Amino acid sequence: ENHNRRAFMPRMTLIHRARIAGSIDNVGNATTISTATQPLDKLVGPVAASTVTFSTRVRASTPQEREHAQRMLIHDAGGNNSPGLNVREEIADSIMEIVGKVKAASSTTSYRVVDLRRLVDKSNPMVCDLALLSLVKRAVELGAFAVVELGGA
């Protein structure tokens, strides 16, 4: 309970920033995808993850995209493997259901971040907007999901 009271304002700030047009970094500066050095950087990996907002569309990544993201993570970590996806026990089943359904869909099927909650069979009130945003950012960073470019699927 103390954690929720203490974290309320930072959480709401992150949610608000993700809802406004464009992406905002941790310092409050506007970020753009122009920092991508390779075409796949716009779809998967840390650069793509930094551009994810609630209106971003994502899809299952291809094997080539997944491999690219993994190479970027290993390179950025200096050869150390980065941890995978960590979630609270209370939402683990719902999150795994979302990840499973996105990955089971074809790579031409895309979902907006705000719509991912609809993929869960049983509603879980603990799966909040921040949980969805965090899930997608990390899944894009790890290469499980890919950002759909404008004009894409």
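For the structure itself, look to the data block above.
Residues numbered from 1 in each chain as written. Predicted model: local features only at pLDDT ≥ 70, side-chain atom pairs only at ≥ 80, totals over all residues. Heavy atoms only, no water.

**Remarks on the pattern of salt bridges**
So, step 1. By the definition in use, this model includes nine salt bridges.
So, step 2. Between Arg-112 and Asp-115 there is a salt bridge, with its nearest N and O atoms 3.1 Å apart.
So, step 3. Each member of the salt-bridge network shares a partner with another, and the members are Glu-97, Lys-101 and Asp-121. (Salt bridge = Lys/Arg side-chain N within 4 Å of Asp/Glu carboxyl O.)

**Section: the nonpolar core**
Most often, soluble globular proteins have nonpolar side chains that are buried together.
So, step 1. In terms of nonpolar packing, the biggest core is built from 27 residues, with Val-52, Ile-98, Val-102, Leu-116, Val-136, Val-140 and Phe-145 touching the most fellow members.
So, step 2. Elements with a minimum of two residues in this core: α2 (46-49), α4 (92-104), α5 (129-142) and β5 (145-147).
So, step 3. The element contributing the most residues to this core is α5, with seven residues.
So, step 4. If near-sequence neighbours (up to four positions away) are discounted, Leu-116 is found in contact with Ile-98, Val-102, Tyr-111, Leu-132 and Val-136.
So, step 5. Residues Leu-40, Leu-43, Val-44 and Ala-69 belong to the second largest nonpolar core, which totals five residues. (Core = buried A, V, L, I, M, F, W, Y, C linked by side-chain atoms within 4.5 Å. Buried < 20%, exposed > 50% of the residue type's maximum accessible area, 1.4 Å probe, protein only. Helix = DSSP H or I, 4+ residues; strand = E, 2+ residues; numbered from the N terminus. Contact = heavy atoms within 4.5 Å.)

**A few points about α4**
So, step 1. With 13 residues, α4 ought to run about 18 Å at 1.5 Å a step, and its terminal C-alpha atoms sit 18 Å apart, in line with that.
So, step 2. Among all positions of α4, only Ser-94, Ile-95, Glu-97, Ile-98, Val-99 and Val-102 are buried.
So, step 3. Here the buried face of α4 lies against β3 (57-60), β4 (110-112), α5 and β5. (Expected span 1.5 Å × (residues − 1).)

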